[in-house]
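Chain residues, written in single-letter form:
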Amino acid sequence: MRSGGGGEGAWPGKRRGQWEGSGCGLANEAQGAWPGVGPAPSRRGCGFGSGGSREAHPAGLRTWLFLGGALGLCEAVGLDPSMGLVAAIAGGLPHSSPLPGAALALLLFTSGLWLLLGLILRLGLRLLLGGTGTAVGRAGDPPRLWMALVRMFVGRRPRLRSCQGVLPPLPLPPLPHTVHRAVSSLQALGPGGGRDQVPALAQSFLGGPGPQLQRWLRLRQWALPSYLGDLWDEQVHLGGRDPLPASGNYYLMDLPGPPPTPLQAARAANAVCALLSFRSRVSSGTLPAVLFRGSLPTCSAQYERLFNTTRVPGETCDRLQRGGGAGHVAALRGGRLFLVPVGRGLAPRALQRRFERVLRASGGGAGAGVMTSARRSAWAQVRAVLQSGGPSSAALRALEEAPFVVALDPPPGPPPNGHRDPPSDGDLDAEAKELLLGPCYNRWFDKSLTLIVFSTGRMGLNVEHSWGDPPVVGHLWEYTLATDLELGYEANGDCREGPEEEPGVPPPQHLQWNIPDECLPALGVALDTWQALEADLQVHVATFVPPPELPPPPDGLVQVALQLAVVRERGACLTYEAVPTWLFLEGRAEAARGCGRPLLELAAAMEQTNASRSLRRRLLQGALRDVLARMRAAAAGAGLDRHLHALAAVARQMRLHPPLLEEVLSQPWALAYSPAPRAEPPLLPRPLCPGGAGFAPPHPDAYGVSYAQGRGGSILFHVSCRASSPITVWGGGGGTP
């Protein structure tokens, strides 16, 4: 989750009222929410054959039946809408056909018309979506007529991969435009720090290696689904060598308030069934498509890597590994690893009994999980030894083939004021920190998803970032919470659905680690590194409750307030919010750089006692317009940072070191912020809202801030920073932000 040369700390959060199409029919799904694991979905192509009849043909089977019925009815009443084509086809059929000639001819004509209609729909939608960048990047809403046409061509109930083959590629911004914006973003910070030389470096870059690097990106754009592709993974995520808890993972929190059950095993069972249900719907292609503003289709490629994905460490660069269709989940309890079979249809109550067996298992041990919190090169060396054979090799294989990991944790500490919704400041600090860092021996930070269930019944999710972006996980997490409520619990806290035991499914199996003596020093260093990080990294969850007479502040105003706060603390600086580019094929996230000149002028006016209210209001409106313009540009694929990172990655492959790219990308972020990801429309019944999400700061002297809408218009802010920093509120100020 960090960008090279300065870091990346935020994620592309979903905007309220923009992301739709996530309805899951939970009331019907709750009765069968444990459909089994089944085969893991492979990475599908972007054409017709991507699973399900709706994905195979845009018109759908119902359209074929409607056309056939309508044509048959017309033939019955003596009408011929085919203008003689059916009769011509019937005349050319052999007399030995099993069906009457007229019926077979009508069937063939209907199928041909259906295929032609599908081709027209697909080509029309491709042409319409070719204007996505212009429509989304313009000031104001996209044209209504264009949105209506897209919605008509998309259809009433598109599925997850229905429109994957017609999405436009991510635009490649013009090189002079990117360079000009990069220079402007640094000039806004003022003189000093080598920034005085940036204009000269820009001219040298445009007259030197810049055009050559741009041509290589243009070639990649022509040959690949996205010009970023593996360049993005290696430059931003997989090439990072820092420990994952501080650089590549983030967390999502449970619903505020008391948990629906105090039983740890029961909550874990319902949550696992919900996760497997979501996985099954992704694999079968029956999950509804996610639509931007209810009309524009988004890329679904990241859903394919949501489960069964592990980040495997390497000496210089990591890689992503997809597991097979394992019929088990991996459970961690006190550092011990258990393989929990789930078969193809294990019910929540039977799963609860298996998790109870895991909880009753005595003993503990550090295991190898601590190494996933170490520096990546050190973990790569230890993993190579563990993989050479023996019990440790089997344990690694079980972990990496599992769809996700379940971590059964002790309580993080009672909240100071009990379980309240909305919570008071500091109530969720201990839980948030454990979700992010955890006891390192009871985590597998390499895994794409780790479900964390505390002994109090509360739970959360720890997510590795390199495989995809948080909007996908936000969709999954809200589905999990909603399905958990639908499945429900008995009065004593037990799961409500399914039998106690199911024959043919074996009990949990304890897998042993056989760690050689040569690896023990590395485990000790990893534990020391994690303990130092755990003592240094501070996480605080604060609640803002607006006055009752005012509506909740919009996202833009919250972002301006966060930028204004950090500018008033330390002057002109770089801030970062990632914006999703899911409207494009294999789009990830683009950076919306903040703290432009309008915001700096607002900050100066706020410090002037003689500045009038009307002046401050006018400057605030200008800062809001600037923030929204940057976000629109990023969403339209016309951002800045991703293009710069791609240029830098190509330059590194060509053994070039352009000073401009090194100067721009080495500037540290002072603030990374983002709204917590959510499903839209919400899957949870009102007024329930997830407790938000959080991540580590992108730089030792920076803040990481995530915010989420809570009950009653409240806003939950998850703030992280380093206590060792001399300039953060926690470090330099010695207190809580």
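Given the structure is predicted, the values throughout are model-derived calculations rather than measurements.

Caption draft 1: Structural view of unusual backbone geometry. Between Arg 686 and the following residue, Pro 687, the backbone shows a cis peptide bond with an omega angle of 5 degrees. Along the polypeptide, Pro 687 turns up in the loop between strand E16 (669–675) and strand E17 (693–695). Phi angles above zero are rare outside glycine, and Arg 655 is one such case at about 60 degrees. Mapped onto the fold, Arg 655 is located in the loop between helix H23 (641–653) and helix H24 (659–665).

Caption draft 2: Representation of the nonpolar core in the model. If you look at the biggest cluster of nonpolar residues, it comprises 150 residues, and the most contacted ones within it are Phe 355 and Leu 451. Element by element, the count of residues in this core is highest for helix H13 (residues 264–284), at 11 residues. In contact with Phe 355, other than residues within four places in its own chain, are Ala 265, Ala 268, Ala 269, Val 272, Ala 331, Val 340, Val 406 and Leu 408. Ranked by size, the runner-up nonpolar core spans 42 residues in total, among them Tyr 251, Ala 330, Leu 386 and Ile 452.

Caption draft 3: Geometry of the confidence of the model for the chain. On average, the chain scores 84 in pLDDT, and the residues at 70 or more come to 87%. The element-level mean pLDDT for the chain is lowest in strand E1 (residues 19–20), coming to 32, with strand E10 (residues 449–454) highest at 97. This stretch, residues 1–56, has a pLDDT under 50; its non-local contacts, to residues over four places away or in other chains, come to 237 contacts.

Caption draft 4: A look at the packing of aromatic side chains. Per the counting criterion, the structure on display carries eight aromatic pairs. Here the aromatic rings of Trp 444 and Trp 513 are separated by 5.8 Å at their centres, their planes lie at 15 degrees, and the arrangement is stacked. Highlighted residues: Trp 444 in the loop between helix H17 (429–436) and E10 and Trp 513 in the loop between strand E12 (509–511) and helix H19 (520–536), separated in sequence by 69 residues. Pairing Tyr 707 with Phe 717 gives two aromatic rings, centres 6.2 Å apart and planes at 40 degrees, and the pair type is tilted. Note that Tyr 707 is positioned in strand E18 (residues 703–709) and Phe 717 in strand E19 (residues 715–722), a separation of 10 residues in sequence. Here the two residues Tyr 707 and Phe 717 agree in accessibility, since each one is buried. Taken together, Phe 278, Tyr 303, Tyr 479 and Trp 582 form an aromatic cluster joined through their ring pairs.

Caption draft 5: Focus on the sheet that holds strand E14 (residues 574–580). The mixed open sheet is built from six strands, whose spatial order is E13-E19-E18-E16-E14-E15. The sheet is open, and its two edges are formed by strand E13 (537–544) and strand E15 (589–593), each paired on a single side. Taking each pair of neighbouring strands and ignoring which way they run, the sheet shows an average axis angle of 25 degrees. For E18 and E19, the ladder comprises six bridges, and the chain directions are antiparallel. The residue of E19 that forms the bridge with Gly 704 is Ser 720.

Caption draft 6: Representation of helix H18 (residues 470–487) in the model. Taking 1.5 Å as the rise per residue, H18 with 18 residues should run 26 Å; its terminal C-alpha atoms sit 25 Å apart, in good agreement. Among the 18 residues in H18, 16 count as buried, and that is most of the element. Downstream of H18 by one or two residues, Gly 488 has phi in the positive range, about 75 degrees.

Caption draft 7: Quick peek at the pairing of E15. Burial of E15 is extensive: five of the five residues sit out of reach of the surface. Burial along E15 is two-sided: the residues Ala 589, Ala 591 and Arg 593 and Glu 590 and Ala 592 are all buried. The pairing of E14 with E15 spans five bridges and is antiparallel. Across the sheet, Tyr 576 pairs through a bridge with Arg 593, a residue of E15.

Caption draft 8: Inspection of the environment of Arg 617 at higher detail. Following the sequence through the fold, Arg 617 ends up in helix H22 (residues 613–635). Once the C-alpha coordinates of Arg 617 and Leu 602 are considered, the two residues, 15 residues apart in sequence, prove to be 8.9 Å apart.

Caption draft 9: Layout of the layout of surface pockets. The computed volume of the largest pocket comes to approximately 890 Å³. If you trace the largest pocket, you find 34 residues lining it, with Val 558, Ala 561, Leu 562, Ala 565 and Phe 717 closest to the centre. At the level of elements, E13, helix H20 (555–570), helix H21 (597–607), H22, E18 and E19 are the ones that each hand at least two residues to the lining of the largest pocket. A total of 10 residues in the lining of the largest pocket trace back to one element, the largest contributor, which is H20. Looking at the lining of the largest pocket, its residues break down into 28 nonpolar, one polar and five charged.

Caption draft 10: Here's a closer look at a nonpolar patch on the surface. A contiguous nonpolar surface patch, about 430 Å² in accessible area, is contributed by Leu 113, Leu 116, Leu 119, Ile 120 and Leu 123. Here Leu 119 lies in helix H5 (residues 101–129). A relative accessible area of 45% places Leu 119 in the partly exposed class.

Caption draft 11: Representation of the sheet that holds strand E8 (residues 336–341). The strand order across the open sheet built from eight strands is E12-E8-E7-E9-E10-E11-E2-E17, with neighbouring strands paired in mixed fashion. One side of each edge strand has no neighbouring strand; the edge strands of this open sheet are E12 and E17. Taking each pair of neighbouring strands and ignoring which way they run, the sheet shows an average axis angle of 25 degrees. Bridging between strand E9 (residues 405–409) and E10 involves five bridges; their strand directions are parallel. Pairing of Asp 409 across the sheet is with Phe 454, part of E10. On top of the sheet, helix H14 (residues 348–360) reaches strand E7 (328–333), E8 and E9; it is set at about 160 degrees to E8, its chief contact. Across the face of the sheet, H17 comes into contact with strand E2 (249–253), E9, E10, strand E11 (459–464) and E17 while running at roughly 140 degrees to E2.

What counts, and where the lines are drawn
- Residues numbered from 1 in each chain as written.
- Predicted model: local features only at pLDDT ≥ 70, side-chain atom pairs only at ≥ 80, totals over all residues.
- Heavy atoms only, no water.
- Helix = DSSP H or I, 4+ residues; strand = E, 2+ residues; numbered from the N terminus.
- Core = buried A, V, L, I, M, F, W, Y, C linked by side-chain atoms within 4.5 Å.
- Buried < 20%, exposed > 50% of the residue type's maximum accessible area, 1.4 Å probe, protein only.
- Contact = heavy atoms within 4.5 Å.
- pLDDT = per-residue confidence, 0-100.
- Phe/Tyr/Trp six-rings, centres within 6.5 Å; stacked < 30°, edge-to-face > 60°.
- Pairing = 2+ DSSP bridges.
- Axes fitted to C-alpha atoms, helices over the stretch in contact; angles between N-to-C directions.
- Expected span 1.5 Å × (residues − 1).
- 1 Å grid on protein atoms, 1.4 Å probe; cavity = no way out; pocket = protein on both sides within 12 Å on 5 of 7 lines; lining within 4 Å.
- Points joined across faces, edges and corners; volume = space filled by probe spheres on them.
- Nonpolar A, V, L, I, M, F, W, Y, C, P; charged D, E, K, R; others polar.
- Patch = residues over 30% accessible without salt bridge, like charges linked within 9 Å, V, L, I, M, F, W, Y side chains within 5 Å.
- Areas by Shrake-Rupley, 256 points an atom, 1.4 Å probe, with all protein chains shown as cover.
- Salt bridge = Lys/Arg side-chain N within 4 Å of Asp/Glu carboxyl O.

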